Amino acid sequence: MPLRFVPTLCLVIVCNSVLPGIATATPEEPGRSFERPTTVRQPLPDTLQTAQDWQTVGRNALIVEDYINSLQAFNKAVDLSAGQNPQILEQRGWVHYLQKRYERAIADLNQAAALYQAQSQTANYRNVRRMRLFIETQADELNLSS
């Protein structure tokens, strides 16, 4: 049995290093993998007037792990979109997770999931639900180990 486990574990480690956009709750639960919010550096807009402008600022800050400024930019983007853009909520939820603010992350992901479902974006809805489950699992593990 240990001979089977070691190659499986190595495969998971290799896949996670090759595919950083995919996260897995545990190696035993491959059906619970999800795609992290995409962060591709984009040129900054000339003006910061729309939710998309601020979303770009948030993504660029996230890329360099400037979570404070990323969160501020996503907050402004959520305000300008009246909380109706699920992608921005998903990205802000991910920043909350990275800051270990699990309850806020879960709240944003719940709102994003509801919006994706209302917009019939089934794949995005399922992805956000798996992301939320992953974060809930991480939070539960931290609470148990405390």
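Preceding this paragraph is the structure being described.
Everything numeric here is computed off the predicted structure, so don't read it as measured data. (Residues numbered from 1 in each chain as written. Predicted model: local features only at pLDDT ≥ 70, side-chain atom pairs only at ≥ 80, totals over all residues. Heavy atoms only, no water.)

Take the packing of aromatic side chains next. Tallied over the entire structure, the rule returns five aromatic pairs. Relative to Tyr97, the ring of Trp94 lies with its centre 4.8 Å away and its plane at 40 degrees, an arrangement referred to as tilted. Of this pair, Trp94 and Tyr97 both sit in helix α4 (residues 86-98), three residues apart, roughly one helical turn. Every member of this aromatic cluster is reached through a ring pair, and the members are Phe34, Trp94, Tyr97, Tyr102 and Phe134. (Phe/Tyr/Trp six-rings, centres within 6.5 Å; stacked < 30°, edge-to-face > 60°. Helix = DSSP H or I, 4+ residues; strand = E, 2+ residues; numbered from the N terminus.)

Moving on, we come to the environment of Ala139. By secondary structure assignment, the location of Ala139 is in helix α6 (residues 122-145). A relative accessible area of 12% means that Ala139 is categorised as buried. Residues Ala139 and Lys100, 39 residues apart in the sequence, show an inter-C-alpha distance of 8.4 Å. (Buried < 20%, exposed > 50% of the residue type's maximum accessible area, 1.4 Å probe, protein only.)

Taking 1.5 Å as the rise per residue, α4 with 13 residues should run 18 Å; its terminal C-alpha atoms sit 18 Å apart, in good agreement. For α4, the buried fraction is high: 11 of the 13 residues fall into the buried class. Of all the positions in α4, only Pro86, Ile88, Leu89, Glu90, Gln91, Arg92, Gly93, Trp94, Val95, His96 and Tyr97 are classed as buried. The opening residue of α4, the one whose side-chain oxygen lies 3.0 Å from the backbone nitrogen of Gln87, is Asn85. (Expected span 1.5 Å × (residues − 1). Polar contact = N/O pair within 3.5 Å; in protein donor to acceptor, adjacent residues only side chain to side chain.)

With that settled, consider helix α3 (residues 67-80). With 14 residues, α3 extends 20 Å between its outermost C-alpha atoms, agreeing within 8% with the 20 Å of an ideal straight helix rising 1.5 Å per residue. Contacts from the buried residues of α3 go to α2 (51-63) and α4. Positive backbone phi, approximately 55 degrees, marks Ala82, located one or two places after α3. (Contact = heavy atoms within 4.5 Å.)

Okay, the nonpolar core next. A general feature of soluble globular proteins is that nonpolar side chains tend to end up buried together. Within the largest apolar cluster, 28 residues are counted, with the highest numbers of intra-cluster contacts made by Ile88, Tyr97, Val128, Met131 and Ile135. The set of elements that each furnish at least two residues to this core consists of α2, α3, α4, α5 (102-118) and α6. By residue number, the principal contributor to this core is α5, which donates eight residues. Sequence-distant contacts of Met131, that is, excluding residues within four places in its chain, are made with Phe34, Glu35, Arg36, Pro37, Glu90, Trp94 and Leu109. (Core = buried A, V, L, I, M, F, W, Y, C linked by side-chain atoms within 4.5 Å.)

Moving on to the pattern of salt bridges. Following the criterion strictly, the structure yields two salt bridges and no others. Among the salt bridges present, the one from Asp108 reaches Arg92, with a minimum N-O distance of 2.7 Å. Note that Asp108 is positioned in helix α5 and Arg92 in helix α4, a separation of 16 residues in sequence. Like Arg92, Asp108 is buried. Two residues, Glu136 and Arg132, come together in a salt bridge whose shortest N-O distance is 3.5 Å. Within this pair, Glu136 and its partner Arg132 are both found in helix α6, separated by four residues, close to a single helical turn. On the accessibility criterion, Arg132 (18% relative accessible area) is buried. (Salt bridge = Lys/Arg side-chain N within 4 Å of Asp/Glu carboxyl O.)

Quick look at the packing of α2 against α3 now. Viewed as axis vectors pointing N to C, α2 and α3 meet at an angle of 160 degrees, and their least axial separation amounts to 8 Å. In terms of their interaxial angle, α2 and α3 are classed as roughly antiparallel. For the pair α2 and α3, the crossing hand works out as left-handed. Of the residues in α3, those touching α2 at Ala51, Trp54, Gln55, Val57, Gly58, Arg59, Ala61 and Leu62 are Tyr67, Asn69, Ser70, Ala73, Phe74, Lys76, Ala77 and Leu80. Partitioning the contact of α2 with α3 into residue classes produces 10 nonpolar, four polar and two charged. (Axes fitted to C-alpha atoms, helices over the stretch in contact; angles between N-to-C directions. Parallel < 35°, antiparallel > 145°, perpendicular 65-115°, else oblique. Left-handed = near helix turned anticlockwise from the far one by under 90°. Nonpolar A, V, L, I, M, F, W, Y, C, P; charged D, E, K, R; others polar.)

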